[in-house]
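Understanding the architecture of this molecule
The lines below spell out each chain.
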Amino acid sequence: MLKIDAGNIRREKFGEIMLRNDLIKIGRNEPCPCGSGLKYKKCCMNLAAPRPVDMAKLYERRYGIRLKTPHDVEGIRESGRLVLNCLDHQPTHIRPGITTNDLDRLVHDYAVSSNAVCAPLNYKGFPKSICTSVNSVICHGIPSDQVLKEGDIINVDVTLVYKGYYADANKTFIVGEASDDAKKIVSVAAGSLKAGMSMLKPGNTIGDIGWAIQNYAESRKCAVVREFVGHGIGFEFHEAPQIPHYGKRGEGIVLVPGMVFTIEPMINLGKADLFIASDNWTAITKDHKLSAQFEQTFLITETGYESLTPFVL
């Protein structure tokens, strides 16, 4: 994944879709953001009314972010519908006595029957089709013969590829009757995603998203995991930009229409510290307290956002 590069973008004067040189500092010898192919000094630098910015070219050149066209968005939306079908059926299967391998097979078989591909399978050596993270496992739990017990919590993370487009979402479920701690961490994780969603509109920044999540979770005496972040998605499993779940208001890349990325805050009941198990995948809370997560794939629109994997929080 590319590291975040806030560049010289400021957010004070964002107007409609056009970005002016009073918003983005452009070097004299940089390519002009209008997409003419000329240097900035030979094109729009001295114009009283600069030409409209070619946002797709500008964001790919500066940040490696590939904005999505309406056609691309529809492809991601179709893949997202399949992801949601997998998650929507989990409550009928998640119960004491079922194994995480059973859940993995259910999603894999559904994907095959839908002509979709489970993106995690064999991704950098990951051996299963979904991630199943139980109790103190933060993320990237590998399905196994582990049997779910009454009172466990489990995060099921599904990423599918359909007709070349990726979509990603996850939910944390409670197995049977929940303890007060389980209810709290699941509730705060869901609320953290909602807090991040409240920042999704053109002109806000990636830092605004992280600030909202961090402020919400920490106000409820929970901790935000910092080692793992949301990410761009659509053409590939992981694209630019990274979306940290902590941050400062006004910092980071400005959100513009056509950006598609996940927000997936991992929230710990105890401290944020973690360790990686010997399988080199499974992330676990260092204090072994509970962790929960919710994730959706979002599109920045002209006026706000759309979830391409929508579910009720």
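A brief report on the enclosed structure follows. Everything numeric in this text was worked out from a predicted model, so none of it was measured. (Residues numbered from 1 in each chain as written. Predicted model: local features only at pLDDT ≥ 70, side-chain atom pairs only at ≥ 80, totals over all residues. Heavy atoms only, no water.)

**Observations concerning a positive patch on the surface**
Definition in use: Each patch is built from residues lacking any salt bridge and having more than 30% relative accessible area; the joining distance is 9 Å for like charges and 5 Å for nonpolar side chains (Val, Leu, Ile, Met, Phe, Trp, Tyr). Under the convention used here, a 1.4 Å probe and the Shrake-Rupley method define accessible areas, while residue burial counts only the protein chains that appear. For salt bridges, the criterion is a side-chain nitrogen of Lys or Arg within 4 Å of an Asp or Glu carboxyl oxygen. In this charge count, Lys and Arg are treated as positive and Asp and Glu as negative; neither His nor the chain ends contribute. Each charge is placed at NZ for Lys, CZ for Arg, CG for Asp and CD for Glu. Note on classification: 1.4 Å probe, protein chains only; a residue is buried when its accessible area is under 20% of the maximum for its type, exposed when over 50%, partly exposed between these limits.
Residues Arg28, Lys39, Lys41 and Lys42 make up a contiguous surface patch of positive charge. Classification of Lys41 by relative accessible area gives partly exposed; the value is 30%.

**Structural notes on the environment of Ile209**
Inclusion rule: Secondary structure elements follow DSSP: runs of H or I of four or more residues count as helices, runs of E of two or more count as strands, with numbering from the N terminus. Residue contacts are defined here by distance: any two heavy atoms, one from each residue, within 4.5 Å place the two residues in contact.
Along the chain, the position of Ile209 falls in helix H5 (residues 206-219). When its relative accessible area of 0% is taken as the criterion, Ile209 is described as buried. Expressed as a C-alpha distance, the spacing of Ile209 and Ala195, which sit 14 residues apart in the sequence, is 7.8 Å. In this view, Ile209 contacts Gly196, Met199, Leu200, Ile243, Leu255, Phe261 and Ile263; residues no more than four positions away in its chain are not counted.

**Some words on the pairing of strand E4 (residues 153-162)**
Stated precisely, the cut-off is as follows: In short, DSSP must find at least two bridges between two strands for them to pair.
Of all 10 residues in E4, 10 are buried, a share of seventy percent or more. Burial of the side chains of E4 extends over both faces: Ile153, Asn155, Asp157, Thr159 and Val161 are buried on one face and Ile154, Val156, Val158, Leu160 and Tyr162 on the other. The pairing of strand E1 (residues 117-118) with E4 spans two bridges and is classified as antiparallel. Within E4, the residue paired with Cys118 across the bridge is Leu160. Where strand E2 (residues 131-134) and E4 come together, four bridges link them in antiparallel fashion. Along E4, the bridge assignment pairs Ser133 with Asn155. As paired strands, E4 and strand E5 (residues 165-174) are joined by 10 bridges and run antiparallel to one another.

**So, the packing of helix H4 (residues 180-197) against H5**
Convention followed: What counts as an axis is a line fitted to C-alpha atoms, over the stretch in contact for a helix, and the angles between N-to-C directions run from 0 to 180 degrees. An angle counts as roughly parallel when it lies under 35 degrees, as roughly antiparallel when it exceeds 145, as roughly perpendicular when it falls between 65 and 115, and as oblique in every other case. A crossing counts as left-handed when the near helix is turned anticlockwise from the far one by less than a right angle, and as right-handed when that turn is clockwise. Any residue outside Ala, Val, Leu, Ile, Met, Phe, Trp, Tyr, Cys, Pro, Asp, Glu, Lys and Arg is labelled polar, Gly included; the first ten of those are nonpolar and the last four are charged.
Relative to each other, H4 and H5 sit at 150°, their axes nearing to 8 Å. By the angle class used here, H4 and H5 are roughly antiparallel. Of the two possible hands of crossing, H4 and H5 adopt the one that is right-handed. The residues of H5 that touch H4, namely those facing Ser187, Val188, Gly191, Ser192, Ala195 and Gly196, are Ile209, Ala212, Ile213, Tyr216 and Ala217. Residues belonging to the contact of H4 with H5 are distributed by class as follows: seven nonpolar, four polar and no charged.

**Description of the sheet that holds strand E3 (residues 137-139)**
Strand order in the open sheet formed by three strands is E3-E12-E11, and the pairing between neighbours is antiparallel. The open sheet terminates on both sides in strands that have one partner only, identified here as E3 and strand E11 (274-276). Ignoring strand direction, the axes of neighbouring strands in this sheet form an average angle of 40°. Direction of pairing for E11 relative to strand E12 (residues 283-285): antiparallel, over a ladder of three bridges. Following the sheet pairing, Phe275 is matched in E12 by Ile284.

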